[in-house]
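This is what each chain is made of:
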Amino acid sequence: MTKVLVVDDDAALVKALRIGLTARGDEVATAQSGTDGIAQVALFRPDLVILDLGLPDLDGLEVCRRIREFSDVPVIVLSAYGDERRKVEALDGGADDFITKPFGMAELEARLRVAVRHSAARTGNGTEASATLRVGDLEIDMVHHMATRNGLAIALTSREFELLAYLARYAGKVCTHHMILKDVWGPGYGAESNYVRVYTHRLRKKLHDDEGRLLRTVPGIGYQLVADAATPQQETQ
Amino acid sequence: MPSLQAFNGTYRRAAVGTSAALAAQGVLLAVLLPFRSHLSIATPALVFLVPVIIGVVVGGFWAGAVAAVVGFLFFDIFFLPPYGTLTVHAPANWLALLVYLIVVLVVTRVVTQLHAARDEARRREQDAGRLFELSQALIGDIGISELLDHIVTTVQTAFSPRWTALLLPAAALAAGGAGPDLRVAARAGQELTADELTSLTAGGGQIRSLGRDRGGSPSRVAVALVASNRPVGLLVLQEVQFARQDRALLGTFANQAALAVERAQLQEQVLRTRLLEEIDRWRGAMMGAVSHDLRTPLASVKAAVSSLRQDGTALSDVDRADLLELIELQSDRLARLVTNLLDMTRIESGALAVRPTLMPLDELVDESLAAVSGLVPRDRVHLDAASDLPLLEIDHVLVGQVLANLLENAARLSPDGSPIRIRARSIGTPAVPFVEISVADEGPGIAAEERERVFEMFSQNGGGARSGLGLAIAKAFVEAHGGTIWIDPAVTRGARVVFTVPALGNVAQHA
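Below you will find a few notes about this structure. All values derive from a computational prediction rather than experimental measurement.

## Describing the overall build of chain A
Inference 1: Across its full length, chain A carries nine helices and 12 strands.
Inference 2: Considering only contacts within chain A whose residues lie at least 6 apart along the sequence, 57% involve residues at least 24 apart.

## A look at the overall build of chain B
Inference 1: When helices and strands are counted, chain B shows 14 helices and 11 strands.
Inference 2: The buried share of chain B, taken over its 511 residues, is 33%.
Inference 3: Taking as baseline every contact in chain B between residues at least 6 positions apart, the subset at least 24 positions apart corresponds to 68%.

## Details of the sheet that holds strand β12 (residues 222-225) of chain A
Residue and element names in this part refer to chain A.
Inference 1: Pairing in this open sheet of three strands is antiparallel, and the strands run β10-β12-β11 from one edge to the other. The open sheet is flanked by β10 (175-176) and β11 (215-218), the only strands paired with a single partner.
Inference 2: Here β11 pairs with β12 via four bridges, running antiparallel. Of the residues in β12, the one forming a bridge with R216 is Q224.

## Some remarks on the nonpolar core
Inference 1: Ranked by size, the top nonpolar core spans 72 residues in total, and within it A:A16, A:V49, A:I50, A:L51, A:V77, A:L167 and A:A168 carry the most contacts.
Inference 2: Here the element with the most residues in this core is helix α1 (residues 11-23) of chain A; it accounts for eight residues.
Inference 3: The contacts of A:A16, once residues within four sequence positions are left out, are B:S300, B:A303, B:A304, B:S307, B:L323 and B:L326.
Inference 4: Within the second largest apolar cluster, 44 residues are counted, among which are B:L413, B:I420, B:A440 and B:A472.

## A look at the pairing of strand β9 (residues 433-440) of chain B
Residues and elements named next belong to chain B.
Inference 1: Of all eight residues in β9, seven are buried, a share of seventy percent or more.
Inference 2: Judged from the eight bridges that link them, strand β8 (residues 420-428) and β9 form a sheet pairing that is antiparallel. Opposite R423, over in β9, you have S438 as the bridge partner.
Inference 3: Linking β8 back to β9 in an antiparallel pair, the connection comprises four residues.
Inference 4: Strand direction decides the pairing type here: β9 and strand β11 (residues 496-502), joined by seven bridges, are antiparallel. Bridge pairing links V439 to V497 in β11.

## Here we look at the sheet that holds strand β8 (residues 146-149) of chain A
Residues and elements named next belong to chain A.
Inference 1: Pairing is antiparallel across the open sheet formed by four strands, whose spatial order is β6-β7-β8-β9. Bordering the open sheet on either side are β6 (132-135) and β9 (152-154), each of which pairs with just one other strand. For this sheet, the mean angle separating the axes of adjacent strands, direction not counted, is 25 degrees.
Inference 2: Here four bridges tie strand β7 (residues 138-141) to β8, and the two strands are oriented antiparallel to one another. Paired with L138 across the two strands is R149, which belongs to β8.

## Considerations on the packing of α1(A) against helix α10 (residues 317-348) of chain B
Inference 1: At a minimum axis distance of 10 Å, the contact between α1(A) and α10(B) shows a crossing angle of 155 degrees. The angle between the axes of α1(A) and α10(B) places the two elements in the roughly antiparallel class. As for how α1(A) packs across α10(B), the hand of that crossing is left-handed. Together, A:A12, A:K15, A:A16, A:I19 and A:A23 of α1(A) and B:D319, B:D322, B:L323, B:L326, B:L329 and B:Q330 of α10(B) make up the contact between the two elements.
Inference 2: In the contact of α1(A) with α10(B), the residues fall into seven nonpolar, one polar and three charged.

## Structural notes on the environment of B:L383
Residues and elements named next belong to chain B.
Inference 1: With respect to the element layout, L383 can be found in strand β6 (residues 381-385).
Inference 2: Considering only alpha carbons, one finds L383 and R423, 40 residues apart in sequence, at a separation of 6.1 Å.
Inference 3: The residues touching L383, leaving out its near neighbours within four places in the chain, are D362, V365 and I422.

## Brief notes about the interface of chain A and chain B
Inference 1: The interface is formed by 22 residues belonging to chain A together with 27 residues belonging to chain B.
Inference 2: Element by element, the count of residues in the side of chain A that touches chain B is highest for α1(A), at eight residues.
Inference 3: For the side of chain A that touches chain B, a count of residues per class yields 13 nonpolar, three polar and six charged.

## Details of the pairing of strand β1 (residues 163-169) of chain B
For a regular strand, side chains alternate in direction, first toward one face of the sheet and then toward the other.
Residues and elements named next belong to chain B.
Inference 1: With seven of its seven residues buried, β1 lies for the most part within the structure.
Inference 2: Alternating residues of β1 divide into W163, A165, L167 and P169 and T164, L166 and L168, and every residue in both groups is buried.
Inference 3: In this sheet, strand β4 (residues 230-238) lies alongside β1 in antiparallel orientation, the contact comprising five bridges. The partner of A165 across the bridge, within β4, is V236.
Inference 4: Alignment of β1 against strand β2 (residues 182-189), held across seven bridges, turns out to be antiparallel. Among the inter-strand pairings, P169 is bridged to a residue of β2, identified as L182.

Calculation criteria
Residues numbered from 1 in each chain as written. Chains lettered and ligands numbered in written order. Predicted model: local features only at pLDDT ≥ 70, side-chain atom pairs only at ≥ 80, totals over all residues. Helix = DSSP H or I, 4+ residues; strand = E, 2+ residues; numbered from the N terminus. Contact = placed C-beta atoms within 7 Å. Buried ≥ 20, exposed ≤ 12 C-beta atoms within 10 Å, placed from the backbone. Pairing = 2+ DSSP bridges. Core = buried A, V, L, I, M, F, W, Y, C linked by C-beta atoms within 7 Å. Axes fitted to C-alpha atoms, helices over the stretch in contact; angles between N-to-C directions. Parallel < 35°, antiparallel > 145°, perpendicular 65-115°, else oblique. Left-handed = near helix turned anticlockwise from the far one by under 90°. Nonpolar A, V, L, I, M, F, W, Y, C, P; charged D, E, K, R; others polar.

Written out as structure tokens, the structure is:
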């Protein structure tokens, strides 16, 4: 059972989500304004927040930032088609993933599960996180700078390793080009998204992940390291 | 070709000068003749210089020349012995005659030149003055049509042809390209005859005559207006009489006019471009708002439907019914949006026609509630109207739409089950009776700074609550009735939208 908080000002959508998610066995709380949403994060302590970017009182981005000030709860942002800039801003501001309206419940459920699992993994192995990161069959030894997949060692340059380690640390979260450049390449970088493209391409070759199922491309936004390559629909059955 | 007027002027002046000179000579002859035996030969020679100078000054060179010849003859015949003949005896007298002739010729020449120089200076001064007046008209910041009018009137006053016409390429008048066809853009003076018009505006392939009319009457002068090596237009003066210098003056003015016209055209182009940009920007905002408004109900419909279709979920019968109801309501909402979109298109295209009929308020409310039946539960709506409220004189389709939009907003934005109040009262004067109708809800209300903006087409307050078309359409429809619509600033809890519509005056009181 997952505790989900839905923050959206459209009563109809909130109602549809509440019924749909409850029927799947989730526990659902709702908020129709940004301020209420922030309060609910503190009171209800959800495992996941579904946050609409267009709220009547506070901007969704602001809500996301304020939640991040006191909570690591995964946030999935609801956005309109064509709103790429705000999507990227939300992800840079701490959101984990986004979903474009209108969406089906299965897709939402899949995104929800990915976000919750990785967040649990991040907090769950908090003590050993600094030493070894595990994402599915991928294992990253931070001490010896070594990566293995299915027990087989992968030869990586130091930049490739850093990129993989970074994505693994934020497994499940959509990392924007900007975030990756700033944190892996350094503060002087931010606009050179083709560097990231080149390195992810090399990483996929070495990980034998040519289709990008482990290292997912989020078109126009960035990349996401996802533990299981299975599609969400298959999982549900 | 010096114009006839100028030609006549020259002749008249010469004739006047000659007559004056001859008259003076006659008078002087009559005065001197009795004393000729007492005078030295130098005296008449000097005296006869006077009429020559008069002739030159008044009548120009030729008048002076005639006066000189006559003076020569008078001097020779009447004052040099033997009197009465052209014969001259004394060699000294020959000398006197020769000196007289030379002096007369030199004086005539010098005076003529001085005279011409003075005339030239005066004319230049006049030209400068006229050109200043002409160009004065061109420098003001006026629209293109005013400018064209200004040009032709100025030319008409300055040169007094029968008429003046300014022709521009037809395409330039319409959109701003270049085309072969000329159109009369402005004219002054007498009306153009049909023939004249045809001869000016003949299209491609037709022969256009700008020369003399048949019969060779003094005719048309056409000056091309050229700016930046590009023809801008054509200035045509019909039956104009020109002095030589007028031509240069008109030419100079035409150049200035060309620059002014070009500048005005460029300015218009800039304005047009800016307008197009504005329309583009507006269209972008509209598309954003429309897609937002359409997507919102779609999102909940899709979420609900995908829940219903999913196997393996434990939807209770109540949940199922709830979701189905939600889908129906959201479909209604979508339908309302589409209606509003169509209404908006009607407003935009200017096809909005108000067809007023008489209708009581409660009937109007019923009609509106029927239109939003799914979205606004009847039991939430409370009607509070004075019993003596006059009949509304309105297009019930349009005002019904206004009320429906306000009710829908109120229901959507306030807590479930909270009351929505419709109030109505009579305002205005017996001569101009109006009814004020308001819809109040108990929702979050509208911030003071938003109260104007909510009525703008596609005002998006951060993707927030009252975005979209409803209020903008309400405003357009209310204003089409001569009414006004506003948000009541005095209300602190919820929102109260107020609008006024015309009512029937005295009849209602009899009823």
